[in-house]
Amino acid sequence: MTAQRHTVPDVSVIVITYNDAARLPRAVRSVLGQTLKNLEVIIVDDCSDDDTPAVARALAEEDGRVRSMRLPANSGGCGAPRNAGVDASRAPFLMFLDSDDELPRHACKSLLLEAETTGADFVMGTVERVDEATGTVTLWYPQLFAERRVVDGIRAEPELLFNCLATNKLYRRTFLDVTGIRFPEDIHHEDIVWSTELFCRSKLFAIVPWPVYRWLLAATPATRSISSRRHELENVRQRVTAAVLSDRVLASTHSLDLKEDKDFRFLSHDLRLYLGDLPQRDPAWISEFADIVIPYVDTLEPAAIERLTRAERVCVQLVRERRGAEAALAAFELGGRHSVPPRAVTADGERVFWGTTLPESEQGRSELDVTELHLAEQPLSGALLRHELVDLQASRDRIRLHLRTYDPGRVLDGRTLTAWLRIGGRKRAIASIPVQMAPVTIEQLEERGKQAPKGLEGQWEPEEPERTRIPRMAGAPGETGTPEGTGILEGAVTISLPDLEWPDNAVRPQAVMISLHEGERRNLRPILAAPGLSFTSVGTVGSGRLVLEASAELPFRLTARRLGPASRRRLPSVAELWRNLLSDLATPRNLGRFYRLVSTVMPVNRRLVLFESAEGTGYTGNPRYIHEELQRRATGLRAVWSHADVPERFPEDVDLVRRDTFRYAWTLARAGHWVDSHNLPYCYRKRGSTRYLQTWHGQVLKKMGMDEPRHRAQPSLAKKYAEAVARWDALLTPGPDFRRDFAEASGFGGELLHAGYPRTDVLVRHMEPAQRERARRVREFFEIPAGKRVILYAPTYRDGRRFSGDSIRLDLPALAGALHPDWVILVRAHQYDRFAVPDPLGCLVRDASTFPEVNDLMLASDVLVTDYSSIMFDYACLGRPILYYVDDYERYASAQRGVCFDLAEVAPGPLLRDPGELVAALDRLAEITERYGPRYAEFRDRWCGLDDGQASGRVVDAFFPEVMR
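Everything quoted here is computed from the prediction, not taken from an experiment.

Student: Would you take a moment to explain the pairing of strand S29 (residues 730-733) for this structure?
Tutor: Where a strand is regular, its side chains alternate between the two sheet faces. Here S29 shows no split at all, with Ala730 and Leu732 on one side and Leu731 and Thr733 on the other all buried. Sheet analysis places S29 next to strand S30 (residues 751-754), joined by 4 bridges and oriented parallel. Following the sheet pairing, Ala730 is matched in S30 by Glu751. Running through helix H21 (residues 736-744), the crossover from S29 to the neighbouring parallel element S30 is right-handed.

Student: Teacher, can you tell me more about the side chain of His269 here?
Tutor: Mapping His269 onto the fold places it in helix H8 (residues 259-275). A polar contact of 2.8 Å, which involves the side chain of His269, links it to the side chain of Tyr141. With residues up to four places along the chain from it excluded, the contact list for His269 reads Trp140, Tyr141, Phe162, Cys164 and Phe264.

Student: Help me understand the pairing of strand S19 (residues 510-518) in this model?
Tutor: In terms of residue burial, S19 counts as a mostly covered element, since 7 of its 9 residues are buried. When strand S14 (residues 417-424) meets S19, the two strands line up antiparallel, connected through 6 bridges. From the neighbouring strand, Thr418 faces S19, where its bridge partner is His517. Direction of pairing for S19 relative to strand S20 (residues 521-529): antiparallel, over a ladder of 6 bridges. Counterpart to Met513 in the pairing with S20 is Pro526. Counted between consecutive antiparallel strands, the loop separating S19 from S20 contains 2 residues, among which Gly519 sits at a positive phi close to 65°.

Student: Sorry if this is basic, but what is going on with the sheet that holds S29 here?
Tutor: Two strands in a sheet stick together by hydrogen bonds in their backbones, pointing the same way (parallel) or opposite ways (antiparallel). Strand order in this open sheet of 7 strands is S26-S25-S24-S27-S28-S29-S30, and the pairing throughout is parallel. Only two strands of the sheet have a single partner each, and these edge strands are strand S26 (655-658) and S30. Averaged over all pairs of adjacent strands, the angle between strand axes in this sheet comes to 25°, irrespective of strand direction.

Student: Any chance you could explain the nonpolar core here in plain terms?
Tutor: One finds Leu278 and Phe289 to be the most contacted residues of the largest nonpolar core, which totals 120 residues. Within the second largest apolar cluster, 52 residues are counted, among which are Leu591, Leu608, Tyr664 and Val675.

Definitions and cut-offs
Residues numbered from 1 in each chain as written. Predicted model: local features only at pLDDT ≥ 70, side-chain atom pairs only at ≥ 80, totals over all residues. Heavy atoms only, no water. Buried < 20%, exposed > 50% of the residue type's maximum accessible area, 1.4 Å probe, protein only. Helix = DSSP H or I, 4+ residues; strand = E, 2+ residues; numbered from the N terminus. Pairing = 2+ DSSP bridges. Right-handed = clockwise from strand over helix to strand, strands pointing away. Polar contact = N/O pair within 3.5 Å; in protein donor to acceptor, adjacent residues only side chain to side chain. Contact = heavy atoms within 4.5 Å. Axes fitted to C-alpha atoms, helices over the stretch in contact; angles between N-to-C directions. Core = buried A, V, L, I, M, F, W, Y, C linked by side-chain atoms within 4.5 Å.

Spelled out as structure tokens, the structure:
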């Protein structure tokens, strides 16, 4: 035995069990294997009628730290066995463990040390949820445990009420004894009541950010825990009862000031669990569910209901109005801010409501009002479409999907579109398969609804759909949003499984999407499984299987995954083998060696120019306009552009080479001129006879070069940067400040070309017909209606937060409700960040982050909103208003990158800190333009003095003297 019974343990772990003989040993051994050895395990058997008592006795005989006890009668819940365990425990600290779960190895020791260090009443930590069927591990409410901290009572962080588990905590026994907290014994979901009282009575508790509990989700439904049996209406009743008891706890502990937060937790967690399952429930179940929950929901704080997303409020209201079928439809998309209505109805020609009938009550009208979605005003990219899978048939090697698309705003009406089904992510689809689609009327839908769905039964004649166009939808458009006006398309797609490309590593569920195209515009949305369509379709993919199903991670969205061995693949050709080998060998070290070898044996070609802009991500910036000037002069120089695996962003007549390949290294070694806007890869040392023009990519506000914090903090990185700068033969400068703030800060001592920026030439000449046409094409591409004004929002990225979305500081939903309706916002996220338009904001916001030419966006805009981006200097060439949204200016200027000058002293527009200030500034734009006129002129003279529309010619004359010969 590892411990004597008379030894006082540090921690008592109470393991409750009922008819769980198979899993009990795993739970107990996860405790006995803890790095904290001085502990005890108390097994409390809730009067099991299987082998659990014998298993518990055997565990106690194996290790003296284990004690087992058995209740005389089954309590039917978890409260009684837990209370019994508390009464029998001997340690000054307690933990609870369910027999179907386990503890991570360091849970007891780490929590005990935290409790002793902080003096907290209890300590709680992260919960890992483990899907035993797939092995997938997710964290339960990870945001609650993101930081290690001590909390002075629940009022300091009321959102912690969401942690309603009893099992992820270590408790101080004296705290429980003094407060008298006990588990209620006559209900399920007793954790909710226990945790509510725990938080209300504690003055000090601690949080740790590491996993302290492993919640194992059983693969077999029959063995799932009580909390997972949401299909049982008694489970719903018990949860509502627990919520009522929690309200009594708030009253008895004088904590009614927490009721709104507790109500919000009930709505967005407890009730939300059941709402998310509604598509699986029949109308009778939903009706009885409403009878149980709605009377309690009606007693909750209105402010708590207002805190729900619009999608959640719509779903609750549809349940309240006993519109069960529509509530199930709304529940499909509870994960988003808004639920896309398959149909909508208009009242008084103005307000639009979810569903096919008008709400009868004022409350219903308020909650179901979706006017703010602007269904009929969305561009194609933001169109709120709903794609449903209504039938599916499978054979040995084919799967046929019957799809239906609802377009409540009739955004698709009159367009010429191409439809594709995509399996896989946004960047690279596993498959793109053409879909045949055609209009369908309401009458046809009703007639088909009388027929039983085919489901998975039956076969069909194989057919290969050709790429087809979606015609104009039949029927009069009608009143926007009426059921008669809702656009409905039906489609069919046949997936030939043997031809389906499926990478060996693509075993996780892949989203199945519908992609609608109109030229370069695209709408990409998921396919939902229609209510009542329950299936798991399995087809053969080589020696493996393709499974189409609803995913646990994306409820009721169609996903595909492959099971079994990899599909049979043909032997690759010699060319494919060679390409794969070269790709594997193309490391920076090998590319550098190859470059040096070519440089040794091959002469430089003085007529070859390598162009690169934005690290190969586009045909843009100063290099573009230098290239076009060379083309205009017909110099005979051969230009090659590098691309970072995005060739579609370049003109078709441009000679391309992919970055970071052996051909790229070959071209660099042979080129007589390099023209670049950032920095070519460090592994290439320039040849003496090659000329390198560094154009850079903007004037500077933020600290650059050796003044950057990262270069000061990392000498090795600073050395690499210095070596890269030493390759430059000439540096393009747009003004005198640039020499000090960038050239000298970078340690550059070579030739400075004081020529201005070629990329501003078109901005200076913005009144010319060619530039007006460029602006018109931008407005057409983004479907900006005539008469609308355009805000270009272009912030820079934040150091240490690349690709986090942190640079998008504007609260776009807040702007949507306050901004004048004649504005449209083009969001240009930095290439080191990311952005996606929130679903309901497509009428206001367009994502212009990947648009190939930022100059065209500036030409199409009426005002610029930026922060610390160098776009401000280019935009001044237009003479149009500039507003600065800088809510983090002090932090950015001091704690982050640092700045070369105080923006507040020189900015040609106001510095704004919140959406309200921005809206007010846009409403007074003419007044602001006049007030900042003198400063704008000073700003333009200082930083745009060389920008006169002729910079491209001056650069070519200076850097390519052979052109003049």
